[in-house]
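Survey of secondary and tertiary structure
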2 protein chains.
Amino acid sequence: MPNHPMEEIFHPQSIAVVGASDNPRARGYSFIWHLLEHGFEGKIYPINPKYSEVLCIKVYPSLREVPGSVDYVISCVPASAVPNMLEDCSNKGIKAVHLFTARFSETGRQEDAELEQRILKQAKKGGIRLIGPNCLGIYYPKEGLAFGYDFPKKPGPVGLISQTGGMAGGFIQLASLRGIYFSKVISYGNALDYNESDFLDYLAQDPETTVILMYVEGLKDGKKFFDTLLEAASTKPVIIIKGGRGRSGTRAAASHTASLAGSMKIWETAIAQAGAVSAANFDEMLDLAVSFCFLPPIRGQRVGIAGGSGGVGVLSADQCEEAGLDVIPLPTEMREELKSHGVPIWDWVGNPIDSSILSGFGFSGTSMLQTMSKNQEFDLLIASIYEGTSTRKKDMLSRMRDEVNGCIKVKEESSKPLLVVVGEKNLSSEDHNHWRWKEIREVRTKLLAANIPFYPNVGRAALAARKLIDYYQRRA
Amino acid sequence: MPNHPMEEIFHPQSIAVVGASDNPRARGYSFIWHLLEHGFEGKIYPINPKYSEVLCIKVYPSLREVPGSVDYVISCVPASAVPNMLEDCSNKGIKAVHLFTARFSETGRQEDAELEQRILKQAKKGGIRLIGPNCLGIYYPKEGLAFGYDFPKKPGPVGLISQTGGMAGGFIQLASLRGIYFSKVISYGNALDYNESDFLDYLAQDPETTVILMYVEGLKDGKKFFDTLLEAASTKPVIIIKGGRGRSGTRAAASHTASLAGSMKIWETAIAQAGAVSAANFDEMLDLAVSFCFLPPIRGQRVGIAGGSGGVGVLSADQCEEAGLDVIPLPTEMREELKSHGVPIWDWVGNPIDSSILSGFGFSGTSMLQTMSKNQEFDLLIASIYEGTSTRKKDMLSRMRDEVNGCIKVKEESSKPLLVVVGEKNLSSEDHNHWRWKEIREVRTKLLAANIPFYPNVGRAALAARKLIDYYQRRA
């Protein structure tokens, strides 16, 4: 994308951190640390008249003193010091500034909001584009840019545009547990200059990004946003969380990023009309990211369910139906096949498959899942790998290993969308090495390696599937 | 409860396992193993003409051969062998039989349903009460009765009556991760004789049980059940999941436990009228069990929210409101207190508390939570302990430790209901020893030790709180 106006922000040859610090708890230290940690190959210029060296890098008293050119500035100075800093930027021909600096309009005070506006005017006059204020900026692992400690160095195909930085950081870590890695993440805070539409337009055109995630509290320009969204959603899936949906959430959004939240109903309709997908929270957004990244398009709603004994099946069927999926009866040809193999319970087995009644007939839940994967009557499959109630450890382990291997086989041999349910666990320090939960971790490791998406419960898997079906139906 | 007719089932002096086996994968082996594993102190009589010894215990060829009396029989023989076994029971004066034996009416075949009815008649004639068929029976850790491998030996105050055995077993393990242990668990399958109402009546009167959980697919006698429920719910909280809610779930329930599921709306209304609490699935039931066990009554819906930075607060407020809680503005006296301490952002801080804006003023999210706990305007508090985006490992660890210690302090010093949010994690084998997730486990360990209930996300905490509020309001 050599022609996109935003491209230079993601490829700086030199970065100045204004308000650099030698205190490891300060962002003026950690932004430099992150660049080193992620192997940023350009020049780093810490700026602060108080120091001569931070993290073994020479510190300059001001931007004016920096010998070479500067492509990108990260500002950690207080709000009141921003005008002088921008003056220096403008004199040095610096084109892009990330304002980590906060306490502007989000405080709710008039003088802070006025300062923010003066800064915008000053930046425009000086030809400077701003990210923020009140945000953590950019994570772009491929180029060594990051805003949180210990972020993954591995890049991936998912882009995230987030008005919150703290939650974005937590999400980046959580997402990696389910195999989701990022092309670019932008925490953009108050969106004073560059806003949600600019970043969305950029990621829509970005060849490194195949799925776009967004967390927005308010829109700077509603019309522009929905025009951009329509365009973006026509090229790749866009999943959006709206923060500040209710009375108190709206109040919180105002004091968080000075956003004015709008009516939720109008919002949801507009999102759907634009062809994007709405998510209620980061958990659901992760389910959707995992689904879009690892599943082929789901073309219909007829689901086959396998894994777990009777009760798991009953509640799975309920939750799939409640999410709008169609739990069809077991196809006649599958029954006939069982009958021809001499399985005496051929007329009893149904969908969901109750694996506990199959034992002893040479048919397991896993083999039934494989048969389902070859049957045209199913549009998608949901398989639960569940600890259940075994007679002993060895049996539980061998059953769970059979099940995960069965899922991998289905993934290898069939193009049917397969969603696997493996529970999250509230492990404490005492139980995390228990063989039971160790095995669950093994299951997740194998699924991750096979690129099979997993979900913590059937309800979440079913909801994600439903949203994908709607998405692909709208596009068809 | 010496007078309850069901009491003897839970206190057998001798148990016969008919259809005993030396194959560790068979239930005829594992039921004996569980009795040994849990230190059952009565006599154990394995019955099978094929063996002389199983697990170093003498095996008798038939019940007739057993020298002493038998209080309780666990039947692992095939369905067709049950009539002969019942004949022996009746001749020996045995009063209670648990039929693990399955493949009766749940197969959907007429001959199986007819055999089931003949067995019921025969049992009645012989003065024998039945648990099951098609179920795993009883877990009563205090007396050494159990039906699954590696069940906790520690007893607790929660009773569970479940039409599914497999899920009940998984739930017992999961519940222990959040501090929930059991008085008695009954897996009762097809409810041919003793049914949901009998067990509910028993647990309602059981002094060892303070909270009752139920999973039912169908009711044997609707009127009796709701009469019993009304009585039970007047003495202790009763939480119920209905399995088989939709078309396909109903079909699955029929082939699981031969239950006829009814209309969900009528069900929910009747449950509420009886003063009980409805749960959609086992995850929600666990949230509710944790809430009733560890929280004082919640008397109103005004919630104070702390922990996490801006975005966490915005989405927390949204989700609390969506669950029907009232996220009130920060009380004036709290603002005034901040002002009097010279905190310059006194007018900006709100509810939810954004901990990221407080740093540097000697006020943390934790100290604000403590202030909230003393303020009468809040009926309950929800605090999130969230990994977030730290500048470095050390800071994240010290912040999280501060937060958990703050929660413990609030619990010690105040009677305000406090719900803590600590995320579950989809850990794979590779990441489970990462310091980040290790610390989350430490947090859970400390909360468990302090009897503070925790929930995997704000939405689930808020929903549980709302249901408790409704429960206590209906009782008031």
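Residues numbered from 1 in each chain as written. Chains lettered and ligands numbered in written order. Predicted model: local features only at pLDDT ≥ 70, side-chain atom pairs only at ≥ 80, totals over all residues.

Helix and strand counts for chain A stand at 17 helices and 17 strands. Considered along the principal axes of its C-alpha atoms, chain A spans approximately 85 × 45 × 40 Å. Here chain A, with 476 residues, has 56% of them falling under the buried criterion. Across chain A, the fraction of contacts at a sequence separation of at least 24, relative to all contacts at a separation of at least 6, is 73%. (Helix = DSSP H or I, 4+ residues; strand = E, 2+ residues; numbered from the N terminus. Buried ≥ 20, exposed ≤ 12 C-beta atoms within 10 Å, placed from the backbone. Contact = placed C-beta atoms within 7 Å.)

Moving on, we come to the packing of helix α10 (residues 282–294) of chain A against helix α17 (residues 458–475) of chain A. The angle between the axes and the distance between the axes are what describe a pair of packed helices. Residue and element names in this part refer to chain A. The N-to-C vectors of α10 and α17 enclose an angle of 60°; their axes lie 9 Å apart at closest approach. Put simply, α10 runs oblique to α17. In the crossing of α10 with α17, the sense of the turn from one axis to the other is right-handed. From α10, D287, L288 and S291 reach across to α17, where they touch R460, A464, K467 and L468. Taken together, the residues that form the contact of α10 with α17 break down as three nonpolar, one polar and three charged. (Axes fitted to C-alpha atoms, helices over the stretch in contact; angles between N-to-C directions. Parallel < 35°, antiparallel > 145°, perpendicular 65-115°, else oblique. Left-handed = near helix turned anticlockwise from the far one by under 90°. Nonpolar A, V, L, I, M, F, W, Y, C, P; charged D, E, K, R; others polar.)

The two copies are related by a screw motion: chain B maps onto chain A through a turn of 180° and a shift of 0.0 Å along the axis, at an RMSD of 0.0 Å. Taken together, the rotation and translation relating the two chain copies correspond to the operation of a two-fold axis. A share of 100% of the interface residues of chain B reappears at the interface of chain A, consistent with the copies meeting face to face through the same patch. (Least-squares fit on C-alpha atoms with pLDDT ≥ 70 in both.)

All names here are of chain A. In the segment running from N351 into P352, the intervening peptide bond is cis, with an omega of 5°. As for its position among the elements, P352 is in the loop between α12 (332–340) and α13 (355–358). Backbone geometry at C56 places phi at a positive 65°, although glycine is not the residue there. Among the structural elements, C56 can be located in the loop between β3 (53–54) and β4 (57–58). Judged by C-beta crowding, with 6 C-beta atoms within 10 Å, C56 ranks as exposed.

Residue and element names in this part refer to chain B. Taken together, the five strands give an open sheet; going across it, the order is β2-β1-β5-β6-β7, and neighbouring strands pair in parallel fashion. Edge positions in the sheet fall to β2 (43–47) and β7 (129–131), since each has one partner strand and no second. Adjacent strand axes in the sheet meet at a mean angle of 20°, parallel and antiparallel pairs treated alike. Where strand β1 (residues 14–18) lies against strand β5 (residues 72–75), four bridges are found, and the strand directions are parallel. Residue pairing for β5: I15 is matched across the bridge by Y72. (Pairing = 2+ DSSP bridges.)

Residue and element names in this part refer to chain B. Relative orientation of the contacting elements helix α6 (residues 196–205) and helix α7 (residues 222–233) amounts to 15°, with a least axis distance of 9 Å. As judged from the angle between their axes, α6 and α7 are roughly parallel. Note that α6 runs across α7; the crossing there is left-handed. Residues E196, S197, L200, D201 and A204 of α6 pack against K224, F225, T228, L229, E231 and A232 of α7. Across the contact of α6 with α7, the residue classes tally to five nonpolar, two polar and four charged.

Residues and elements named next belong to chain A. Ordered by their spatial adjacency, five strands build an open sheet running β2-β1-β5-β6-β7, and the pairing between neighbours is parallel. The open sheet terminates on both sides in strands that have one partner only, identified here as β2 (43–47) and β7 (129–131). For this sheet, the mean inter-axis angle between neighbouring strands, taken without regard to orientation, is 20°. The strands that helix α2 (residues 27–37) touches are β1 (14–18), β2 and β5 (72–75); relative to β1, the one it contacts most, it runs at about 160°. The strands that helix α3 (residues 82–92) touches are β1, β5 and β6 (96–99); relative to β5, the one it contacts most, it runs at about 170°.

So, about the pairing of strand β10 (residues 182–187) of chain A. Side-chain positions along a regular strand alternate between the two faces of the sheet. All names here are of chain A. By the criterion of burial, β10 is predominantly enclosed, with six of the six residues buried. Here three bridges tie strand β8 (residues 137–139) to β10, and the two strands are oriented antiparallel to one another. By the bridge assignment for β10, G137 is matched with S187. Taken together, strand β9 (residues 155–162), helix α5 (residues 166–176) and β10 constitute a β-α-β crossover, and its handedness is right-handed. (Right-handed = clockwise from strand over helix to strand, strands pointing away.)

Many structure descriptions define interface size as the accessible area lost when the parts assemble. Residue and element names in this part refer to chain A. You can read the domains of chain A as domain 1 (7–131), domain 2 (137–294) and domain 3 (303–475). The distance between the C-alpha centroids of domain 2 and domain 3 comes to 31 Å. With five residues, α10 is the largest single contributor of residues to the side of domain 2 that touches domain 3. Each residue belonging to the side of domain 2 that touches domain 3 can be placed in one class, and the counts come to five nonpolar, three polar and two charged. (Domains from an automatic or database assignment.)

Attention now goes to the interface of chain B and chain A. Contact residues are listed per partner, giving 87 residues for chain B and 88 residues for chain A. For the side of chain B that touches chain A, the elements supplying multiple residues, two or more each, are α2 (27–37), α5 (166–176), α8 (247–257), α11 (310–322), α15 (393–413) and α16 (435–449) of chain B. Here the side of chain B that touches chain A takes eleven residues from α11 of chain B, the largest share from any one element. In terms of residue class, the side of chain B that touches chain A is made up of 23 nonpolar, 38 polar and 26 charged.

This part is about helix α8 (residues 247–257) of chain A. Of all eleven residues that make up α8 of chain A, ten are buried, and the element is covered over most of its length. All of the buried residues along α8 of chain A are S248, G249, T250, R251, A252, A253, A254, S255, H256 and T257 of chain A. Summarising the contacts, the buried residues of α8 of chain A are in contact with α11 of chain B.

Attention now moves to the environment of D206 of chain A. Residue and element names in this part refer to chain A. Relative to the helices and strands, D206 resides in the loop between α6 (196–205) and β11 (211–216). Judged by local crowding, D206 falls into the buried class, with 20 C-beta atoms found within 10 Å. When the C-alpha atoms of D206 and E7 are compared, they prove to be 9.3 Å apart, with 199 residues separating the residues in sequence.

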